[in-house]
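Structural features, examined
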Amino acid sequence: MTVAPDRTPLDRTFFDRPVLEVAPDLLGRTLVRHTPRGPIEVRLTEVEAYAGPVDPGSHAYRGRTERNAVMFGPPGHAYVYFTYGMWHCLNLVCGPEDFASGVLLRAGEVVKGVESARANRPTAKNDHELAKGPARLATALDIDRRLNGTDVCAGGTAPLGVLTGTPAPAARILHGPRTGVAGVGGDGTLHPWRFWIDGDRSVSPYRPHAPRRRGTARR
DNA sequence: AAGTAGATTGCCT
DNA sequence: GGCAATCTACTTT
């Protein structure tokens, strides 16, 4: 009996749970993906939960639209959106179906295919910045809207790849307010729905929500 | 070394 | 119009 690392892909039942259960359970797991430049694997170190209709920070808060339709579908699928005119962000839809919740993958450590990831993200100053930030993670992994709606529980045929491995120890997981999100809970405080692995160098810096300065009426 | 203004496009009200 | 993540160039410490 050899002790091999568990490479079994996470299945639908993993994602078909409340998003606040799934989000911390993804930390420490590995996204295994095959890109045109070769295999790339990222160990997740930072995620955020978005709780559908009850969450003002969620794309799904104001109901279903063409863009967010995937979030209203079955769990275990990728919701990839385009932002700021040049970046993509990757979310994984959670349960129950139609609740439109998901986990935004915010950062990770590239544990395989560093050279391929570097080719995808030539501006990264060092290896732990390759996937430090949600759009950086998507760029490093060559993920764009072509993968929107694809199934990450489809095993070897999953175009985005699969998630494998074991979770980070609970004692190493911290949580706090989400980055750049204004949404508040019923008591007026920020939802502590950002989860990360304590001390990991690939975790992106916390940035409080900052309303944009008025652009037009500047003297 | 550390902070920030300004640029970029698509989505929704 | 307001919002979203990142990079570059510039400023300040």
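The rules behind each value
- Residues numbered from 1 in each chain as written.
- Chains lettered and ligands numbered in written order.
- Predicted model: local features only at pLDDT ≥ 70, side-chain atom pairs only at ≥ 80, totals over all residues.
- Heavy atoms only, no water.
- Patch = residues over 30% accessible without salt bridge, like charges linked within 9 Å, V, L, I, M, F, W, Y side chains within 5 Å.
- Areas by Shrake-Rupley, 256 points an atom, 1.4 Å probe, with all protein chains shown as cover.
- Salt bridge = Lys/Arg side-chain N within 4 Å of Asp/Glu carboxyl O.
- Helix = DSSP H or I, 4+ residues; strand = E, 2+ residues; numbered from the N terminus.
- Near = heavy atom within 4 Å.
- Polar contact = N/O pair within 3.5 Å; in protein donor to acceptor, adjacent residues only side chain to side chain.
- Core = buried A, V, L, I, M, F, W, Y, C linked by side-chain atoms within 4.5 Å.
- Buried < 20%, exposed > 50% of the residue type's maximum accessible area, 1.4 Å probe, protein only.
- Contact = heavy atoms within 4.5 Å.
- Phe/Tyr/Trp six-rings, centres within 6.5 Å; stacked < 30°, edge-to-face > 60°.
- Lys NZ or Arg CZ within 6 Å of the ring centre and 35° of its normal.

As a further point, take a nonpolar patch on the surface. Residues Tyr 84, Met 86 and Trp 87 make up a contiguous nonpolar surface patch of about 400 Å² in total accessible area. As for its placement among the helices and strands, Tyr 84 is situated in the loop between β3 (78–83) and β4 (87–93).

Taken together, ten residues are adjacent to DNA strand B, and Arg 62, Thr 65, Arg 67, Gly 85 and Met 86 come closest. A breakdown of the atoms of DNA strand B within 4 Å of the protein gives sugar and phosphate a share of 76%. Side-chain polar atom of Thr 65 to a phosphate oxygen of DNA strand B: 2.3 Å apart, as the coordinates give it. In this structure, Gly 85 approaches DNA strand B through a main-chain N or O atom, which is 3.3 Å from a base oxygen.

The biggest cluster of nonpolar side chains holds 41 residues, and the ones touching the most others in it are Phe 15, Leu 26, Leu 90, Val 103, Leu 105 and Leu 163. Looking at this core, the elements that each hand over two or more residues are α1 (12–15), α2 (19–26), β2 (38–51), β3, β4, β5 (101–112), α4 (134–140) and β8 (194–197). Considering each element in turn, this core owes the most residues, six residues, to β2. With sequence-adjacent residues up to four places away left out, Leu 26 is seen in contact with Leu 10, Phe 14, Phe 15, Leu 44, Leu 92, Val 103, Leu 105 and Leu 163.

Attention shifts here to the packing of aromatic side chains. All told, the structure shown has two aromatic pairs when counted by the stated rule. A centroid spacing of 5.6 Å and a plane angle of 40° characterise the contact between Tyr 79 and Tyr 81, whose relative ring orientation is tilted. A relative accessible area of 1% means that Tyr 79 is categorised as buried. Given a relative accessible area of 14%, Tyr 81 falls into the buried group. Its guanidinium or amino end placed over the ring of Phe 14, Arg 17 lies 4.7 Å from that ring's centre, counting from NZ or CZ. Lying across the ring of Tyr 50, Arg 178 places its NZ or CZ 4.6 Å from the centre.

Our focus in this paragraph is unusual backbone geometry. Put simply, Gly 95 and Pro 96 share a cis peptide bond, and its omega is -10°. Secondary-structure assignment places Pro 96 in the loop between β4 and β5. The phi dihedral of Asp 142 falls on the positive side, at around 60°, and the residue is not glycine. Its place among the elements puts Asp 142 in the loop between α4 and β6 (162–164). Overall, Asp 142 belongs to the partly exposed group, its relative accessible area being 25%.

So, about the pattern of salt bridges. Enumeration over the complete set of coordinates arrives at 14 salt bridges. Residue Arg 29 pairs with Asp 25 through a salt bridge whose shortest N-O separation is 2.6 Å. Arg 29 gets classed as buried once you look at its relative accessible area, which sits at 9%. Look at Asp 25 and you get buried, because its relative accessible area is 18%. The closest approach of N and O atoms between Arg 106 and Glu 46, which form a salt bridge, is 2.9 Å. Linking Arg 106 in strand β5 with Glu 46 in strand β2, this pair joins segments that are 60 residues apart in sequence.

Keep in mind these values describe shape, not function.
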